[in-house]
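Structural description and commentary
Below, each chain spelled out in residue letters.
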Amino acid sequence: MLAVLHETFPSHTFLMNGLIQGVKGFLSFLSAPLIGALSDAWGRKYFLLLTVFFTCVPIPLMRISPWWYFAMISVCGIFSVTFSVIFAYVADVTEEHKRTTAYGLVSATFAASLVTSPAIGAYLSASYGDSLVVLVATLVAVVDIFFILLAVPESLPEKIRPASWGSSISWEQADPFASLKKVRKDPTVLPICITVLFSYLPEAGQYSSFFLYLRQVIGFGSVSIAAFIAVVGILSIIAQTLFLSILMRTIGNKNTVLLGLGFQIFQLTWYGFGSQSWMMWAAGAVAAMSSITFPAISALVSRNAEADQQGVVQGIITGVRGLCNGLGPALYGLIFFVFHVEFNEFLPDNTSETETQQNPSNKRAIVPGPAFLIGACIVLLAFLVALFIPENKASSTKKHSNSISSSQSNNLDQSNEEDIEPLLQDSTV
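Fair warning: this is a prediction, and the values are worked out from it, not measured in the lab.

Parameters at a glance
- Residues numbered from 1 in each chain as written.
- Predicted model: local features only at pLDDT ≥ 70, side-chain atom pairs only at ≥ 80, totals over all residues.
- Heavy atoms only, no water.
- Helix = DSSP H or I, 4+ residues; strand = E, 2+ residues; numbered from the N terminus.
- Contact = heavy atoms within 4.5 Å.
- Areas by Shrake-Rupley, 256 points an atom, 1.4 Å probe, with all protein chains shown as cover.
- Core = buried A, V, L, I, M, F, W, Y, C linked by side-chain atoms within 4.5 Å.
- Buried < 20%, exposed > 50% of the residue type's maximum accessible area, 1.4 Å probe, protein only.
- Salt bridge = Lys/Arg side-chain N within 4 Å of Asp/Glu carboxyl O.
- Phe/Tyr/Trp six-rings, centres within 6.5 Å; stacked < 30°, edge-to-face > 60°.
- Axes fitted to C-alpha atoms, helices over the stretch in contact; angles between N-to-C directions.
- Parallel < 35°, antiparallel > 145°, perpendicular 65-115°, else oblique.
- Nonpolar A, V, L, I, M, F, W, Y, C, P; charged D, E, K, R; others polar.
- Left-handed = near helix turned anticlockwise from the far one by under 90°.

Before going further, it helps to examine the overall build of the protein chain. The number of helices and strands found in the protein chain is 19 helices and zero strands. A sequence separation of at least 24 residues applies to 82% of the contacts in the protein chain between residues at least 6 apart. Summed over its atoms, the accessible surface of the protein chain is roughly 20200 Å², and 68% of this surface lies on carbon and sulfur atoms.

So, about the nonpolar core. Ranked by size, the top nonpolar core spans 65 residues in total, and within it Ile-192, Tyr-271 and Phe-372 carry the most contacts. Ranked by residue count, the leading element in this core is helix α11 (residues 189–218), at twelve residues. When neighbours within four sequence positions are excluded, Phe-372 is seen to be in contact with Gln-206, Phe-210, Tyr-213, Leu-268, Tyr-271, Gly-272, Tyr-332 and Phe-336. Within the second largest apolar cluster, 17 residues are counted, among which are Val-52, Tyr-89, Ile-148 and Val-152.

Here we come to the pattern of salt bridges. Going through the model one piece at a time under the given rule, you end up with one salt bridge. Residues Arg-44 and Asp-92 are paired through a salt bridge, measuring 2.6 Å at the closest nitrogen-oxygen approach. Here Asp-92 lies in helix α6 (residues 82–93) and Arg-44 lies in the loop between α2 (13–42) and α3 (45–56), a separation of 48 residues in the sequence. The class for Arg-44 is buried, based on a relative accessible area of 0%.

What follows deals with the packing of aromatic side chains. Applying the stated criterion across every chain yields a total of 19 aromatic pairs. Seen in terms of ring centroids, Phe-87 and Phe-294 are 5.6 Å apart; in terms of plane orientation they differ by 35 degrees. Their pairing is tilted. Taken together, the residues span a long stretch of sequence, with Phe-87 in helix α6 and Phe-294 in helix α15 (residues 293–303) at a distance of 207 residues. For the pair shown, Phe-87 and Phe-294 are each scored as buried.

With that settled, the discussion passes to the packing of α3 against helix α8 (residues 130–151). Angle between the axes and distance between the axes are the two parameters that describe a pair of packed helices. Relative to each other, α3 and α8 sit at 175 degrees, their axes nearing to 10 Å. Of the possible angle classes, the one that applies to α3 and α8 is roughly antiparallel. Here Lys-45, Leu-48, Leu-49, Val-52, Phe-53 and Cys-56 of α3 come into contact with α8, specifically with Ala-141, Asp-144, Ile-145, Ile-148 and Leu-149. In terms of residue class, the contact of α3 with α8 is made up of nine nonpolar, no polar and two charged.

In this section: the packing of helix α13 (residues 253–273) against α15. Direction vectors running N to C along α13 and α15 enclose 155 degrees, while the axes themselves pass 9 Å from each other. Our classification of the angle between α13 and α15 gives roughly antiparallel. Like other packed secondary-structure pairs, α13 and α15 cross with a definite hand, here left-handed. Residue-level inspection shows Asn-253, Thr-256, Val-257, Gly-260 and Leu-261 of α13 in contact with α15, the latter providing Thr-293, Ala-296, Ile-297, Ala-299, Leu-300 and Arg-303. Residues of the contact of α13 with α15, tallied by class, amount to six nonpolar, four polar and one charged.

See below:
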């Protein structure tokens with residue numbers, strides 16, 4: 001994507017990348033709770049189909065019209081919330097004690113795609129050109145869409161879905177800000193959302209600049225970067241499938257989240273102070289262990305939500321991550337600029353270890369990666385907030401309190417902010 005951006009906006013490549021990611025992330029933040037709530041009422045399958053379709057539809061435009069490609073990438077942020085629908089789907093079809101393992105498998109599958117797709121894309125691009133890469137990606141997207149349409153069954157129980165489309169959807173449910181207002185008063189979802197915000201903000205910023213940092217500051221060549229992605233990806237798969245389930249059984253859900261955040265703090269601190277390639281490799285192994293955080297958080301919020309609220313709560317978590325995808329790259333770019341860590345936008349792809357140009361000032365710096373160190377401080381805030389996440393599931397009397405509160409709310413002014421029910425106690429969502 002950066003290569004196409006450089007061809008289209010040669011003088012403002014990273015500025016336009018930040019603008020596109022910012023618009024996409026903000027739209028995801030607004031739309032994710034709404035799509036999740038609608039999937040709670042109308043079913044998961046067709047919203048899964050919708051989100052995957054609009055996530056993939058910009059791919060062929062990359063070669064047809066770069067301007068339309070970047071426009072569609074930005075606008076399609078409204079539907080770039082596939083994870084929230086997938087995690088709600090998993091909650092529908094798995095028992096509560098098996099959800100963490102299932103979420104880990106979903107995240108591990110995503111990590112596996114990150115390991116294989118760059119290598120396949122690089123090989124096809126070097127051998128046959130970028131057009132074949134776009135064609136193969138488009139064909140894979142089409143196969144994915146038809147697979148969902150023909151092979152994926154509906155997961156939401158029939159008794160939860162309304163008799164006809166639109167029969168139970170009110171303006172309050174369609175309002176993208178309604179769920180966000182309820183989060184503020186929910187003792188479970190609010191600290192989880194703040195934890196996700198403070199933990200994923202540095203992670204999103206790291207994704208946007210880390211490989212340029214490895215190449216131009218630490219001295220990694222193209223082969224080393226590809227190997228780094230592969231090794232960290234494989235270790236992440238192991239962490240999210242094997243270690244995650246063991247940790248959940250031994251230390252519990254909340255402590256697993258705290259452990260993952262601890263690994264992330266350690267990893268970012270090591271990235272910040274590391275100046276040698278072996279330090280980056282060692283920190284990468286720690287980064288793989290920190291990948292257990294998000295599936296553990298998703299399992300925690302799923303345990304505290306009813307069957308008809310899985311979509312909206314997972315949508316809110318995904319929406320916060322979407323917002324971080326827009327803000328994280330801007331934050332890291334600003335920090336690197338303030339501390340005078342300059343990146344040459346593009347170096348040849350065949351650069352070797354000895355040919356990589358490093359900034360001499362960064363060699364003498366006590367903190368070569370200041371953005372990563374500041375990111376570690378932000379994740380420390382997430383760790384402190386996560387300490388206040390309730391570990392026990394809400395009481396079984398919640399449904400009874402819902403009926404009482406909903407009957408009383410008919411006599412109150414709906415515009416009064418004090419009347420907003422907490423998210424997990426609002427049966428209308």
